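Here is what each chain is made of, one letter per residue.
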Amino acid sequence: MALNFADSSNFTPNMRWMASTSSWQRSGENGPEVITWSEAVFDLERIKTGWLKFEPGIAPEFQWDPSLQKAAPKPSDGGEWKRGFAIKAFGESLDGLREWATNSKGAVIGLDKLHDLYLEGRDTNPAKLPVVKFEGAKPLKLGQGHTSVPIFTISKWVDRPAEMSDGGSDASASEFG
C-alpha cells in the first residue's frame, strides 16, 4: 500500500470530561466507556490552546494558537468556535495514552488552575512532568446555566513516560504509579 492508509499509529484515543455528571469517559472499541481514575501523567509542557469547534456527527475542528502567549484569531466561518485546549494524559486507569481536547467552560477552568500549579512547580522539577490527581468536581453557576469544574492537584513529578515521547528514550511509564 503506497499511501500507507492502514497505519493508524498517529491516532490517540480520547478522554472526555462529562460536566453534567462530573464523570469521565474514554473512547473504547464499542464506543464511550465511563472510567474512574485517580492519577495520570499530564503533558502540560506540550499543551495546545486555541479555538475548537465540536458539532454532533462531524469531526472536531481546531485552530491552534501560535504559542501559549499569543491567541490565534477566532475563525470567522460563523461556526460556534470556543476557546479550548488539547493535552495528552497517560495512566493505567486511562488504559494508556489519551488525548483530552475540549472547549467546555468547566474543563477549561479546571485545566487553567492545574496549569497554574504546573507553572509553580516546573522550575524546581526540570525535565519532569506532573502526576495529576483528580480530586472530584465543584459545581459552578455560569450565567443561566450550570457546569462542574474538575479539581486537580499535582502529587509528584516524574520523567516523561516513554509512551508520551516522540521516539526518544524516556523513562518507563510504570515508574509514576
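None of the values given here were measured: they were computed from a predicted structure.

1. Regarding the sheet that holds strand β1 (residues 15–18)
Sheet architecture is open: three strands sit in the order β1-β2-β3, paired in antiparallel fashion. Looking at the sheet topology across the chains shown, the edges are occupied by β1 and β3 (33–35). Taken over all neighbouring pairs, the strand axes of this sheet differ in orientation by 35° on average, direction set aside. In the sheet, strand β2 (residues 23–26) pairs with β3 via three bridges, with the strands oriented antiparallel.

2. Points about helix α1 (residues 105–122)
Under the 1.5 Å per step criterion, the end-to-end length of α1 is 25 Å for 18 residues, consistent within 8% with the ideal 26 Å. Here α1 has its buried residues at Gly106, Ala107, Gly110, Leu111, Leu114, His115, Tyr118 and Gly121. Angular distribution of buried residues about the axis of α1 spans 165°; they occupy a single face of the element. Those residues of α1 that are exposed and aimed more than 90 degrees away from the buried face are Lys113 and Glu120. Contacts from the buried residues of α1 go to β1, β4 (39–42), β7 (82–91), β8 (96–102), β9 (128–142) and β10 (145–159).

3. Points about the side chain of Ser23
Examined against the element boundaries, Ser23 turns out to sit in strand β2. Among the polar contacts listed, one links the side chain of Ser23 to the side chain of Thr21, at a separation of 2.5 Å.

4. Quick notes on the packing of aromatic side chains
Each aromatic ring pair is specified by the distance between its two centres and by the angle formed by the two planes. One pass over the full model with this rule turns up 17 aromatic pairs. For the ring pair Phe54 and Phe62, a centre distance of 6.3 Å and an interplane angle of 85° mean the geometry is edge-to-face. Assessed through its relative accessible area of 36%, Phe54 is described here as partly exposed. Plain terms: the ring middles of Trp100 and Phe152 are 6.0 Å apart, the flat faces sit at 65° to each other, and that makes the pair edge-to-face. Of this pair, Trp100 sits in strand β8 while Phe152 sits in strand β10, placing them 52 residues apart in sequence. With respect to class, Trp100 is no different from Phe152; both count as buried. Grouping aromatic residues by their ring pairs yields a cluster made of Trp17, Trp24, Trp37, Phe42, Phe85, Trp100, Phe134 and Phe152. For Arg83, the ring lying beneath its charged end belongs to Trp51, and the centroid distance is 5.1 Å.

5. Here's the deal with the confidence of the model for the protein chain
This prediction gives the protein chain a mean pLDDT of 90; 88% of its residues lie at or above 70. Long-range and interchain partners of residues 168–177, a stretch whose pLDDT sits below 50, account for 20 contacts in this model, where long-range means more than four residues apart.

6. Regarding the nonpolar core
Grouped together as the largest cluster of nonpolar side chains are 22 residues, with contacts concentrated most on Trp24, Trp37, Phe42, Leu44, Trp100, Leu111 and Phe152. When contributions to this core are tallied by element, the ones reaching two or more residues are β1, β4, β7, α1, β9 and β10. Ranked by residue count, the leading element in this core is α1, at four residues. Setting aside residues up to four positions removed in sequence, Phe42 forms contacts with Trp37, Ile87, Lys88, Ala89, Trp100, Leu111, Leu114, Leu129, Pro130, Val132, Phe152 and Met164. Val41, Phe90, Leu129 and Val158 belong to the second-largest nonpolar core, a separate cluster that totals six residues.

7. Topic: the environment of Lys128
If you trace the backbone, Lys128 turns up in strand β9. A relative accessible area of 29% means that Lys128 is categorised as partly exposed. Along the sequence, Lys128 and Pro161 sit 33 residues apart, while their C-alpha atoms lie 9.6 Å from each other. Leaving out residues up to four positions away in the same chain, Lys128 has contacts with Trp157, Val158 and Asp159. A polar side-chain atom of Lys128 sits 2.8 Å from a polar atom in the side chain of Asp159.

Reading the values: the criteria
Residues numbered from 1 in each chain as written. Predicted model: local features only at pLDDT ≥ 70, side-chain atom pairs only at ≥ 80, totals over all residues. Heavy atoms only, no water. Pairing = 2+ DSSP bridges. Helix = DSSP H or I, 4+ residues; strand = E, 2+ residues; numbered from the N terminus. Axes fitted to C-alpha atoms, helices over the stretch in contact; angles between N-to-C directions. Expected span 1.5 Å × (residues − 1). Buried < 20%, exposed > 50% of the residue type's maximum accessible area, 1.4 Å probe, protein only. Arc of directions from axis to C-beta. Contact = heavy atoms within 4.5 Å. Polar contact = N/O pair within 3.5 Å; in protein donor to acceptor, adjacent residues only side chain to side chain. Phe/Tyr/Trp six-rings, centres within 6.5 Å; stacked < 30°, edge-to-face > 60°. Lys NZ or Arg CZ within 6 Å of the ring centre and 35° of its normal. pLDDT = per-residue confidence, 0-100. Core = buried A, V, L, I, M, F, W, Y, C linked by side-chain atoms within 4.5 Å.

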